[in-house]
Amino acid sequence: MLRAVVIDDIDAIRIKNIDIIKSNCPNIAIIGQANSVESGVSLIKQIVPDIVFLDVEMPDGTGFDLLQKLKPINFKVIFITGYEDFAIRAFRFSAIDYLLKPLDPNDLIEAVNKAEESLSKDVLELKLNTLFSNLERPKNLQKLVLKTAEKIYSVNIQDIVNCESDKNYTTFYFINAPKLVVSTTLKEYETLLKPFHFFRAHQSHLINMLYFDHFIKTDGGNTIVMKNKNKIPLAIRKKEEFLALIDTL
């Protein structure tokens, strides 16, 4: 059993979420609840739960403020937010679980199952530190958590030159670091990275336009050459969009 607490400033929502958790997660025992950052910090220090279901915005601060007051973090966290665009990118970049209000039972079960997986304190700390860093840093200095078969890394988005897909795997290439292979589809990273000057040049290739070097036109096709010398095929249907992007660089 995972010993859990639920922290949300709105009583009706907190009680409803507790009911949903109890109905769908028999492996979760709710042992406490709080309605603010201050009371949440006190509760967690007092009972030391295994997992915290944490609201993002509260009258006396945010869930992020609460975590900052409890470092080092010795429990697992699932954020619950009613703001679909509030810090969502920071959560996804940091590989931190979050749920949208109202709670969807299937999403809840999936998040709890992930929380049950044994994660070392070092991995949890890396993810949370990446989250805090992304909340404080300007857009062009964001970080992304990447999980390979051996390790978990926190990388600077601006250091990624291009990404290449191979079925359900994605290889990341960097300007001054070894490549990393992760078991996540390129489509998911396209959604995350598109606001950061990334362009889907081909079904299997996502490139950082800031590292574009030159373009080769040939009879057999078109090739993009990146600053790390990687050669990327350009899909015919993407050519017009790509040439328009070059004009904006």
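One can find the structure itself at the top, above this paragraph.
None of these values were measured; they are calculated from a predicted model. (Residues numbered from 1 in each chain as written. Predicted model: local features only at pLDDT ≥ 70, side-chain atom pairs only at ≥ 80, totals over all residues. Heavy atoms only, no water.)

A. Structural detail: the overall build of the protein. In terms of helices and strands, the protein carries 8 helices and 17 strands. With the C-alpha coordinates aligned to their principal axes, the bounding extent of the protein is approximately 70 × 30 × 30 Å. The proportion of buried residues among the 249 residues of the protein is 47%. Residue pairs in contact within the protein that sit at least 24 positions apart in sequence constitute 55% of those at least 6 positions apart. Within the structure as shown, the protein displays about 13200 Å² of accessible surface, and the carbon and sulfur contribution to it stands at 49%. Charged side chains in the protein number 31 positive and 32 negative. The centres of these two groups are separated by 6 Å. (Helix = DSSP H or I, 4+ residues; strand = E, 2+ residues; numbered from the N terminus. Buried < 20%, exposed > 50% of the residue type's maximum accessible area, 1.4 Å probe, protein only. Contact = heavy atoms within 4.5 Å. Areas by Shrake-Rupley, 256 points an atom, 1.4 Å probe, with all protein chains shown as cover. Lys, Arg positive; Asp, Glu negative; His and termini not counted. Charge placed at Lys NZ, Arg CZ, Asp CG, Glu CD.)

B. Examining the packing of aromatic side chains more closely. As enumerated under the stated definition, the model contains 9 aromatic pairs in all. Ring centres of F212 and F242 lie 5.5 Å apart, and the angle between their planes is 80°; on these two criteria the pair is classed as edge-to-face. In this pair, F212 sits in strand β15 (residues 212–218) while F242 sits in helix α8 (residues 239–248), placing the two residues 30 residues apart along the sequence. With a relative accessible area of 0%, F242 lands in the buried category. (Phe/Tyr/Trp six-rings, centres within 6.5 Å; stacked < 30°, edge-to-face > 60°.)

C. Quick peek at the sheet that holds strand β10 (residues 160–166). In spatial order, the strands read β12-β11-β10-β14-β13; together these 5 strands make up an open sheet with antiparallel pairing. In the strand order of this sheet, the two ends are held by β12 (180–182) and β13 (198–202), each with one partner. Strand-to-strand, the axes of this sheet are offset by a mean angle of 20°, without reference to chain direction. Across 6 bridges, the pairing between β10 and strand β11 (residues 169–174) is antiparallel. Note on β11: the bridge partner recorded for N162 is Y173. Its contacts with the sheet place helix α7 (residues 186–193) against β10, β11, β12, β13 and β14 (205–208), and it is angled at close to 25° to β14. (Pairing = 2+ DSSP bridges. Axes fitted to C-alpha atoms, helices over the stretch in contact; angles between N-to-C directions.)

D. The nonpolar core, seen in detail. Within the largest apolar cluster, 28 residues are counted, with the highest numbers of intra-cluster contacts made by I7, L54, L66, L67 and F79. Elements that contribute at least two residues to this core include exactly β1 (2–7), α2 (37–47), β3 (51–55), α3 (63–68), β6 (76–81), α4 (88–94) and α6 (121–136). Among the elements that make up this core, the one with the highest residue count is α2 (5 residues). When residues no more than four places from it in sequence are discounted, the contact partners of L54 are I7, G63, L66, L67, V77, I78, F79 and I80. (Core = buried A, V, L, I, M, F, W, Y, C linked by side-chain atoms within 4.5 Å.)

E. Main features of the pattern of salt bridges. All chains considered together, the criterion is met by 9 salt bridges. A salt bridge links E110 to K114; its shortest N-O distance comes to 3.9 Å. Of this pair, E110 and K114 both sit in helix α5 (residues 105–116), 4 residues apart, roughly one helical turn. The class of K114 is partly exposed, set by a relative accessible area of 36%. Its salt-bridge partner being K227, residue D213 comes within 3.8 Å of it at the nearest N-O pair. Pair noted here: D213 is in strand β15 and K227 is in the loop between β16 (221–226) and β17 (231–233), with a separation of 14 residues, a long-range link. For K227, a relative accessible area of 42% corresponds to the partly exposed category. Within this structure, D8, D55 and K101 form a network of salt bridges that share partners. (Salt bridge = Lys/Arg side-chain N within 4 Å of Asp/Glu carboxyl O.)

F. How the structure looks around helix α1 (residues 11–24). Given a rise of 1.5 Å per residue, 14 residues ought to cover 20 Å, and the 20 Å separating the end C-alpha atoms of α1 matches this to within 8%. Among all positions of α1, only R14, N17, I18, I20 and I21 are buried. Here the buried residues of α1 occupy an arc of 165° about the axis, which is enough to place them on one side. Exposed side chains of α1 directed beyond 90 degrees from the buried face belong to A12, K16, K22 and S23. In this fold, the buried residues of α1 make contact with β1, β2 (28–34), β3, β6 and α5. (Expected span 1.5 Å × (residues − 1). Arc of directions from axis to C-beta.)

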